[in-house]
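Architecture and fold: a report
Here's the letter readout for the chains.
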Amino acid sequence: MEEKVIDETKQGQSLTLEARKGNTRKLFIESYGCQMNFSDSEIVASILANEGFNTTTQLEEADLVLVNTCSIRDKAEQTVRKRLEKYNAVKRINPGMKVGVLGCMAERLKEKFLDEEKIVDMVVGPDAYKDLPNLLKEVDEGRDAVNVILSRDETYGDISPVRLGTNGINALVSITRGCDNMCTFCVVPFTRGRERSRDPLSILNEVADLAKKGFKEVTLLGQNVDSYLWYGGGLKKDFKKASEMEKATATSFSQLLAMVAEAHPKMRIRFSTSNPQDMTEDVLHTMAKYDNICNSIHLPFQSGSTRILKEMNRQHTREEYMQLIDKINEIIPECGLSQDIITGFPTETEEDHQDTLSLMEYVKFNFGFMFKYSERPGTMAARKLEDDIPEEIKKRRLTEIVDAQQRHSAYHTNRSLGKVVEVLIERESKKSNAHWSGRNPQNLVVVFPKEDYKPGDFVMVKVTDCTSATLIGEAIGYSENN
Ligand code: SF4
């Protein structure tokens, strides 16, 4: 069974931005993995635009090729190695081309990447992008260049990202970097370092700039947005030692949400990714208070078994997760919920697997991202636990989980038949150039005939049909938010 990957549309596509006059060098940049990587690539493109680079979608004509890599599963790394082979072939017809690897795989492998992949000239970790101009000088002088130093305070808050391959409607705005949670299966704390929050002022400035440019929706981004806490740049783990003044003037995630919602009442606001162990009720009340904060929460639970959650070092139980879901449904009825699940984690029994299926039945998520456990070098699980679940059992359990999710997705789309939903038009439908595609506040995709509407419009759509993943309907007029 094919594993469900995040955001199929943009994986690996080289995205471009409008050319800057006077820039003569060409950058080909492609990204893999989570939205954090796509957001980082926009920061990298901004830094390199100041170094004379315009982006290109033509690999063959690139002076510099950068691949922003993911290390979350072995398959993600194999994908990158295949791309490097492709670059190798192109380098024969474009010998001056330089190649750099960015992101989590670069951070995990460090200098070893240069030994393992001869085509690679430069290895840059997620916290070292500001050093790119210096590293490029070394490469231009014929030396390999590496910077994989992780930072305790870098948030790139002073860099104005340039939007790559954008539709001019939705944009990603990062609010935290790194993660302190140390889930035993996860590489992120090792590849992205300690958790740090970005200055709310620089976040508000970035959203204001996007609003001026006509963007209609922002997604506030972080590995774990619920633990956002700004108190002058200190790390969350040191908050106890903060001064009374710092504590009194600190900005929490719910406060940041309210600040953005109030400053831009016409802007749709989403956020990702939440964490059940850090999510607080005030975030839910803030979502309920502001119409422009979308009623959808991506809330990974990974496993429905409290014993496995403990092995994963997830700081919540099955019961606590279900209580949080009850709280969400109480404060935000009709909230769209999505999940992440890992099946086949070491020592997982059939009973643990049934706990996952029964929790899915209890919540009935709108959609989710479901994976077989992939042992990651250097993680606690890899060090302490044998990857003991046979591949065929992992596959069978994943099939059952994906089937259950399909049923629950269809349950929600069918419940929407006959209803009227507000849709922000994002692009042309993938399946028909006579139809627009957008999402409702619950993050469900809605498709309907174009008529005289255009991308960026908020439209009220009557749902007349559906698939398990998509709502299909007819526009009945503009939304009052248009
Ligand atoms: S919360 Fe856990 S799974 Fe998520 S990024 Fe942090 S360590 Fe990884």
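Criteria and thresholds
Residues numbered from 1 in each chain as written. Predicted model: local features only at pLDDT ≥ 70, side-chain atom pairs only at ≥ 80, totals over all residues. Heavy atoms only, no water. Pairing = 2+ DSSP bridges. Helix = DSSP H or I, 4+ residues; strand = E, 2+ residues; numbered from the N terminus. Axes fitted to C-alpha atoms, helices over the stretch in contact; angles between N-to-C directions. Near = heavy atom within 4 Å. Nonpolar A, V, L, I, M, F, W, Y, C, P; charged D, E, K, R; others polar. Domains from an automatic or database assignment. Buried area = accessible area lost by both parts, 1.4 Å probe. Salt bridge = Lys/Arg side-chain N within 4 Å of Asp/Glu carboxyl O.

Focus: the sheet that holds strand β19 (residues 445-449)
- Sheet architecture is closed into a barrel: five strands sit in the order β17-β18-β19-β21-β20, paired in mixed fashion. Averaged over all adjacent pairs, the angle separating strand axes in this sheet is 55°, with direction ignored.
- Both β19 and strand β21 (residues 470-478) contribute to a ladder of three bridges, which runs parallel. Bridge pairing links Val-446 to Leu-471 in β21.

Some points on the site of the ligand
- What surrounds the ligand is the set Cys-179, Asn-181, Met-182, Cys-183, Phe-185, Cys-186, Val-188, Pro-189, Gln-223, Asn-275 and Arg-314.
- Of the residues belonging to the shell around the ligand, the class tally is seven nonpolar, three polar and one charged.

Concerning the domain arrangement of the protein chain
- Partitioning the protein chain into domains gives domain 1 (3-147), domain 2 (170-415) and domain 3 (420-478).
- Each of domain 1 and domain 2 was reduced to a C-alpha centroid, and the two centroids are 28 Å apart.
- Here domain 1 and domain 2 share an interface that buries about 2100 Å² over both sides, 57% of which is from carbon and sulfur atoms.
- Run the count over domain 1 and domain 2 and you get five salt bridges.
- Arg-196 is the salt-bridge partner of Asp-127, the closest N and O atoms lying 3.1 Å from each other.
- At six residues, helix α1 (residues 35-49) tops the list of elements feeding residues into the side of domain 1 that touches domain 2.
- In the side of domain 1 that touches domain 2, the residues fall into seven nonpolar, four polar and nine charged.

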